[in-house]
Amino acid sequence: MQNEPMSFGDDFLWGAATSSYQIEGGAYEDGKGLSVWDVMCERPDAILDGNSGAVACDHYHRYKEDVALMSQVGLKAYRFSISWPRVLPEGIGRINPKGLEFYDRLVDELMGRNIRPFVTLFHWDYPYALYQKGGWLNGDSSNWFAEYARVVVETLSDRVSDWMTINETQSFIGLGHQRGLHAPGLKLSHKEWLQVSHNVLLAHGKAVQVIRSHAKCPARIGYAPVGVVKVPVTDSPADIEAARATMFAITEKNCENNTWWMDPVFLGKYPEDGLAVFGKDVPQFTDEDMRTISQPLDDFCINIYNGREVRAGADGKAEKWPRPPGYWRTNFGWSVVPQSLYWGPKFFQERYKLPVLITENGMANVDWKSLDGQVHDPQRIDFLQRYLLELQRAVQDGVDVRGYFQWSFMDNFEWADGFTRRFGLTHVDFETQERTLKDSARWYAEVIRTNGRALHEAQGQSIE
Ligand code: FCB
């Protein structure tokens, strides 16, 4: 017992995550309005293999089966998102009762199995009707989001207490509004996408105000950007400082940074270096805007998949560590950097001073069903084990990490990559909709059951 490593808190939230467009299907059912993703998928060549999320995992019809599987894995929490156009087909105004009822039933199903629902209001499936009115560029867009938030909160907040406003601002603006790869497929100028970013930040703030004022049970609220994590290549103070400094710096005119998206929310101001880099393209904003954007939050929610190694160069300035050839990568080409789950939470907590929830982490793997009928994914087990051991190290070093949501509970529609990237703990046969728990799901069940102690065993051997 003496050598037992300190573990996660007793009420640590072991969870998994999904998002509406990636799993629900039912794209044209029960009065749902179109989202920009429904429309994007119609574009020739927009999606690998020409696929779409119109059916995806058919979760809209199979949610009971899916929640039963979650319960089998022992999930304590489940993060999912609401499809805005399913609830409000035109984005504002007329409510679609059948759409709302779906989430109502889903929440009941989860609660009935003791799984705590974490609701994300916006995970990218923006109402097409609002896009036709200018989308996030429209000066009213933050009020539209607040109206939508109110409808959801009024229906679900008697049971739901955990909310996230917006998923990965950087990604849907960068990929969808700057680079044209994701819906709505725009390639806006710097000036325009920076206006989009300001409107989205305002939307976040207004939604927080709505949740606080309308929630029927006490709310915990977060915002889930993606973490652009820098990892010191050694533990020397100079390398650590190089990583910290570059993690919170803006040097390029793109979306791939932390502070442009986080400082306004958590510190109430845009970062000075960002203002200088974006220069004349920075939108007009007022002190009142910044007060709206920086509503107090309860948790620092963050999606972390990888990181970049950094060191202090000979001149003392930070530089990228040159990676050796053959550096490990997942099936998505994303680098495998487990230390990102140590340094990410640590640096973010230092700067933003809130309890941390890892709201996404996982890997795309080449999974298929073996002749024995099982799905063996030792790579994913190893990946999750390495990352979670680093997260545990952060906990041991005093970082207040309250939960971890593996991405994803099931294989799903991976945006422009269609169905070619399997991220799930559960294998989905997209032809038959058959679900099969992968080996990693059974392994994760054991991690949950032992509250992390099983992390210290590799293929049946102790790794202490
Ligand atoms: C994140 C997204 C999520 C999924 C994973 C793989 O950036 O939030 O929807 O695509 O990556």
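In what follows, the accompanying structure is described. (Residues numbered from 1 in each chain as written. Predicted model: local features only at pLDDT ≥ 70, side-chain atom pairs only at ≥ 80, totals over all residues. Heavy atoms only, no water.)

**Brief notes about the overall build of the protein chain**
Okay, so step 1: Of the regular secondary structure elements, the protein chain holds 16 helices and 15 strands.
Okay, so step 2: The globule rule puts the C-alpha radius of gyration for 464 residues at 23 Å, and the 21 Å found for the protein chain is close to it.
Okay, so step 3: Along the first, second and third principal axes, the C-alpha set of the protein chain runs to 60 × 55 × 45 Å.
Okay, so step 4: Among the 464 residues that make up the protein chain, the fraction classed as buried is 59%.
Okay, so step 5: Relative to all contacts within the protein chain whose residues are 6 or more apart in sequence, the contacts with residues 24 or more apart total 76%.
Okay, so step 6: If you sum the accessible surface of the protein chain, you get close to 18200 Å²; carbon and sulfur atoms cover 49% of it.
Okay, so step 7: A distance of 2 Å separates the average location of the 49 positive side-chain charges in the protein chain from that of its 62 negative side-chain charges. (Helix = DSSP H or I, 4+ residues; strand = E, 2+ residues; numbered from the N terminus. Rg over C-alpha atoms; globule rule 2.2 N^0.38 Å. Buried < 20%, exposed > 50% of the residue type's maximum accessible area, 1.4 Å probe, protein only. Contact = heavy atoms within 4.5 Å. Areas by Shrake-Rupley, 256 points an atom, 1.4 Å probe, with all protein chains shown as cover. Lys, Arg positive; Asp, Glu negative; His and termini not counted. Charge placed at Lys NZ, Arg CZ, Asp CG, Glu CD.)

**Focus: the packing of helix α15 (residues 378-396) against helix α16 (residues 439-449)**
Okay, so step 1: Where α15 meets α16, the axes come as close as 9 Å, and the angle between the chain directions of the two elements is 30°. Classified by the angle between their axes, α15 and α16 sit roughly parallel to one another. Taken together, the residues of α16 that come into contact with α15 (itself represented by R380, I381, L384, Q385 and L388) are D439, S440 and W443.
Okay, so step 2: Across the contact of α15 with α16, the residue classes tally to four nonpolar, two polar and two charged. (Axes fitted to C-alpha atoms, helices over the stretch in contact; angles between N-to-C directions. Parallel < 35°, antiparallel > 145°, perpendicular 65-115°, else oblique. Nonpolar A, V, L, I, M, F, W, Y, C, P; charged D, E, K, R; others polar.)

**Brief notes about the side chain of E24**
Okay, so step 1: With respect to the element layout, E24 can be found in the loop between α1 (20-23) and α2 (36-40).
Okay, so step 2: At 2.6 Å, the side chain of E24 forms a polar contact with the side chain of Y103.
Okay, so step 3: Contacts of E24, omitting those with residues within four sequence positions, involve V55, A56, D58, H59, Y60, S81, S83, R86, F102 and Y103. (Polar contact = N/O pair within 3.5 Å; in protein donor to acceptor, adjacent residues only side chain to side chain.)

**What to know about the packing of aromatic side chains**
Okay, so step 1: Counted under the stated rule, the structure contains 55 aromatic pairs.
Okay, so step 2: Both rings, one in W84 and one in W136, keep their centres 6.3 Å apart while their planes meet at 65°; by these two values the pair is edge-to-face. Of this pair, W84 sits in helix α4 (residues 84-87) while W136 is found in the loop between α6 (128-131) and α7 (141-156), placing the two residues 52 residues apart along the sequence. Across the pair, W136 and W84 agree in class, each one buried.
Okay, so step 3: An angle of 80° between the planes, with centres 5.1 Å apart, marks the rings of F122 and F172 as edge-to-face. In this pair, F122 is assigned in strand β3 (residues 116-122) and F172 in helix α8 (residues 169-178), connecting sequence segments 50 residues apart.
Okay, so step 4: By relative accessible area, which is 1% here, F122 ends up buried.
Okay, so step 5: F172 gets classed as buried once you look at its relative accessible area, which sits at 3%.
Okay, so step 6: Through a chain of ring-to-ring contacts, three or more aromatic side chains come together here, namely Y21, W37, W124, F413, W415, F419 and F430.
Okay, so step 7: Cation over ring: R86 sits above Y60, and NZ or CZ is 4.1 Å from the ring centre. (Phe/Tyr/Trp six-rings, centres within 6.5 Å; stacked < 30°, edge-to-face > 60°. Lys NZ or Arg CZ within 6 Å of the ring centre and 35° of its normal.)

**Comments concerning the site of the ligand**
Okay, so step 1: Around the ligand, the structure places 13 residues, and the nearest of them are Q22, H123, N167, E168 and E414.
Okay, so step 2: One of the side-chain N or O atoms of H123 is found 2.8 Å from an oxygen atom in the ligand.
Okay, so step 3: At 3.0 Å from an oxygen atom of the ligand is found a side-chain nitrogen or oxygen belonging to E360.
Okay, so step 4: Considered on its own, the ligand offers 300 Å² of accessible surface; in the complex 94% of this is hidden by protein.
Okay, so step 5: Residue composition of the shell around the ligand, grouped by class: six nonpolar, four polar and three charged. (Near = heavy atom within 4 Å.)

**Here we look at empty space enclosed by the protein**
Okay, so step 1: Summed over all chains, the structure comprises three cavities of 30 Å³ or more.
Okay, so step 2: Here the largest cavity defines a volume of roughly 50 Å³.
Okay, so step 3: Every residue along the wall of the largest cavity is listed here: S20, Y21, E24, G25, A27, K32, D38, G53, S83, R86 and D125.
Okay, so step 4: Tallied by class, the residues present in the lining of the largest cavity amount to two nonpolar, four polar and five charged. (1 Å grid on protein atoms, 1.4 Å probe; cavity = no way out; pocket = protein on both sides within 12 Å on 5 of 7 lines; lining within 4 Å. Points joined across faces, edges and corners; volume = space filled by probe spheres on them.)

**Considering the pattern of salt bridges**
Okay, so step 1: As enumerated under the stated definition, the model contains 33 salt bridges in all.
Okay, so step 2: Residue R150 pairs with E154 through a salt bridge whose shortest N-O separation is 3.1 Å. Here the residue R150 and the residue E154 both occupy positions in helix α7, the gap between them amounting to four residues, near one helical turn.
Okay, so step 3: On the basis of relative accessible area, R150 is assigned to the partly exposed category, the value being 40%.
Okay, so step 4: The salt bridge involving R212 is made with D298; its shortest N-O contact spans 2.9 Å. Of the two residues, R212 sits in helix α9 (residues 190-214) while D298 sits in the loop between α13 (287-293) and β7 (300-303), which places them 86 residues apart along the sequence. (Salt bridge = Lys/Arg side-chain N within 4 Å of Asp/Glu carboxyl O.)

**Considering the sheet that holds strand β5 (residues 220-224)**
Okay, so step 1: The strand order across the open sheet built from eight strands is β5-β4-β3-β2-β1-β11-β10-β7, with neighbouring strands paired in parallel fashion. Of all the strands in the sheet, just β5 and β7 have a single pairing partner and so form its edges. Taken over all neighbouring pairs, the strand axes of this sheet differ in orientation by 25° on average, direction set aside.
Okay, so step 2: Note that strand β1 (residues 13-17) and strand β11 (residues 401-407) share five bridges and pair parallel. Bridge assignment links G15 to a residue of β11, and that residue is F405.
Okay, so step 3: Across the sheet, helix α5 (residues 97-112) touches β2 (77-81) and β3, and the angle it forms with β2 is around 170°. (Pairing = 2+ DSSP bridges.)

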